[in-house]
Amino acid sequence: MKFDDPAFWRAGAISTVVVMSIVLIMLTIDSLAVISPGGANVPLYTVINQHIDYKFDAKRGSDAPVIGGPEPLFGKSVDAASAEALIDKGKLVIQSRACMDCHTFFGNGAYYAPDLTKAWLDPAWETWQAITGAATREEAMVKFLMDPVTNRTWTRAMPNLGITQPEAEATVAYLKWMAAVDTNGFPPNFGRMRSKP
Amino acid sequence: MYRSQQLALKYLAAAVALFGVMTVAGLMSAYHYVNPDFLFGVLHFNIAKILHIDTLIIWLLMGFMGAIYWFLPEEFGRELVGIQAAEILFYVFCGAVGVVAIVFIVVQYGGGDETALWFINQGRKYVEAPRWAAIGVVVVMAVFAYNVLGTAYVTRKVTGITAVLMVDLVPLLVLYLDAFPAISNMSADLFWWWWLVHLWVEATWEVLIGCIMAWTLMQLLGTSRRIVELWLYIEVALVLGTGILGLGHHYFWIGTPNYWLTIGGLFSALEPLPLLGMVIHAVYDAGTHHMKTTNRPAFYWMMAEAFGNFLGGGVWGFMITLPQVNLYAHGTQWTVSHGHFAFWGAYACGVLSVVYLVIQKVRGLAHLEGTLWKWSFAALNVGLIGMVGALLVSGFAQAFVERAIGGSTHDAFVAGQENRWFVEGIVTRFIFGLMFAAGYVALVWDLLTIGRRAPVLATAGAAE
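Residues numbered from 1 in each chain as written. Chains lettered and ligands numbered in written order. Predicted model: local features only at pLDDT ≥ 70, side-chain atom pairs only at ≥ 80, totals over all residues.

**Student:** Describe the interface of chain A and chain B, naming the residues involved and giving the relevant values.
**Tutor:** Each partner contributes to the interface: chain A provides 73 residues, whereas chain B provides 70 residues. Secondary-structure elements contributing two or more residues to the side of chain A that touches chain B are helix H1 (6–35), helix H2 (80–96), strand S3 (104–105), strand S4 (108–109) and helix H5 (165–179) of chain A. Considering every element that reaches the side of chain A that touches chain B, the biggest residue donor is H1 of chain A, with 16 residues. For the side of chain A that touches chain B, a count of residues per class yields 39 nonpolar, 19 polar and 15 charged. (Contact = placed C-beta atoms within 7 Å. Helix = DSSP H or I, 4+ residues; strand = E, 2+ residues; numbered from the N terminus. Nonpolar A, V, L, I, M, F, W, Y, C, P; charged D, E, K, R; others polar.)

**Student:** For the pairing of strand S2 (residues 62–70) of chain A, give the residues involved together with the corresponding values.
**Tutor:** In the case of a regular strand, side chains alternate between the two sheet surfaces. Residue and element names in this part refer to chain A. Of the pairings in the sheet, the one linking strand S1 (residues 50–57) to S2 comprises 7 bridges and is antiparallel in character. Following the sheet pairing, tyrosine 54 is matched in S2 by proline 65. Linking two consecutive strands that pair antiparallel, namely S1 and S2, is a turn of 4 residues; a positive phi of about 75 degrees is found at glycine 61 within it. (Pairing = 2+ DSSP bridges.)

**Student:** Let's hear about helix H5 (residues 131–155) of chain B: which residues, and what values?
**Tutor:** Residue and element names in this part refer to chain B. Here H5 contains 25 residues, and its C-alpha end-to-end distance of 36 Å stays within 8% of the 36 Å for a straight helix at 1.5 Å per residue. Turning to H5, its buried residues number three or more, namely Ala133, Ala134, Gly136, Val137, Val140, Val143, Phe144, Asn147, Val148, Thr151 and Ala152. Contacts from the buried residues of H5 go to helix H2 (45–76), helix H3 (83–106) and helix H6 (160–176). Count one or two residues on from H5 and you reach arginine 156, which has phi positive near 55 degrees. (Expected span 1.5 Å × (residues − 1). Buried ≥ 20, exposed ≤ 12 C-beta atoms within 10 Å, placed from the backbone.)

**Student:** Tell me about the environment of histidine 103 of chain A, residues and numbers included.
**Tutor:** All names here are of chain A. Looking at the element boundaries, histidine 103 is found in the loop between H2 and S3. A tally of 23 C-beta atoms within 10 Å means that histidine 103 is categorised as buried. For the pair histidine 103 and leucine 116, spaced 13 residues apart in sequence, the C-alpha separation works out to 6.8 Å. Dropping the residues within four chain positions of it, histidine 103 is found in contact with Gly109, Ala110, Ala113, Pro114, Asp115 and Leu116.

**Student:** Tell me what's going on with the environment of alanine 346 of chain B, and back it up with residues and numbers.
**Tutor:** Tracing the chain through its elements places alanine 346 of chain B in helix H13 (residues 333–362). Once residues within four sequence positions are removed from consideration, alanine 346 of chain B is found in contact with Glu206, Ile209, Asn309, Gly312 and Gly313 of chain B.

**Student:** Explain the confidence of the model for chain B to me, using residue names and the numbers behind them.
**Tutor:** Residue and element names in this part refer to chain B. Chain-level statistics for chain B give a pLDDT mean of 92 and a share of 97% at 70 or above. The model gives residues 458–464 a pLDDT under 50, and that stretch makes 15 contacts with residues more than four places away or in other chains. Across the interface, the model reports ipTM at 0.96; the global pTM reads 0.94. (pLDDT = per-residue confidence, 0-100.)

Structure representation (structure tokens):
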């Protein structure tokens, strides 16, 4: 068989596609186990009841989430079913408002607004706490989401998307859970630069 | 002319029209960056962005379908099976696109429930179209697959190109089924979303355009079937050989295991190889024929496709594909620069090449030439490259200031966006966007008039 024979490359194309597809399926099976809630990299939804941080791990050479002690969201600990319902609702809010077409999640989406991977941990919520007069970070997040125009801090404002209080609370729960996902160190150095660069 | 070729003309016309909508929506998105108060509260950035990227997908898909409906009856030597259903679905498809666009512009958002996803907006990038419309796309693609497979079955005639096309239709249809779920777990959602976005757009579409370019080469340069099929097999082997696991470069940071850093980095670094092969193939064929062709617009757009695919998809993609770089470049305007260049080079130029080829046949011209196509070719390509270069500068600034120095917080994002280099890049992008839009206007005018006013050396009579 010669290299300029189409049959040679046809055989090569078929075998390459088959081999690569099999490898992809095997890796997919393994990855899905790792990224299911409670898997190695993705926490259970009840993690919203705990303190979450994001610190540099010298051993692995990258940033990693650190799950701490109890820190209930809105001061109320929820069971597994309620946590799952909150996360389900939060995701529906995120999709129905097309958040991904301005923001990014794990760096995926549009690039008009900040990445939300670790938004729960963003020091900027302190500013919004002062603006909204909220007692806690999560309350400030809810107030901001329900009226981002009044609470704008920058010329490029988020529009009012008709987000209700239950929807805002579910979205905040979603962002808290997402901050606990191990993303192999993305984004790097998050929150270590406290002042504006 | 076959009925399927008449349908092809409709699909290609719809594609060019949607190309215009995409351009206008792109200009609006670009201007939102320059002036954030532009249409604030009326038509915000994300709606303009949705219109921009969704019409991008639809016009290219319609362009591919138009090209295949054009070439296929000649390949099979008969009318396509089920052409009546395809004709009806064309109007349904166009109507659905119109309704979805109106809903996006007028309704924009729903409440946080499944109803919104079914009827208003699914809110997943590239697949924002509500589920009812996504079902419509599946039906259109299923009938398209029936046209191809049914005709091959009836004629019992399968060439190398049609064999590749038929096999490619399977993942094209199956992967699109991934456009429906609303998985709560963002990691799993993005995992499957990339199967759709990467394996559909960066794998099955590459094979599809490979088939279309194979036919184009045969008609445009008279390249032998043996040569184009040989290269098509090489392309399939390399595109899918590197691209299937190249999917891993989207799995660096979404919660997936860290072995994807190695696998994704390695295979996506190899992804430019088949694109380089296309350049070699195109240059070889052009050299063999001493750059002589009866249709220079189609020939130049085909060459732009080969080089654009390699530079935009291959080189620009390689720049950000290694995890060590991607950690900082991911989710910045650097990615946008790559996205624009890659879609343009890999697909848009190829579709425009086919459009000019078809126009020559339809108008019965032995030689297609003129002046205006050169202006549109130059304005579109210079405009696009200008946008890509400007976005690259903005992306560099954003990667350094927001990601590397600032640590990607809200304040770091703002600092990046207000950085002087970033702002200059964004303004420059808009200016080159205007040039691109002018190129589009020239393109449409040229498509409507070329051959009717250009010197015609000989008239070959009406095509079939």
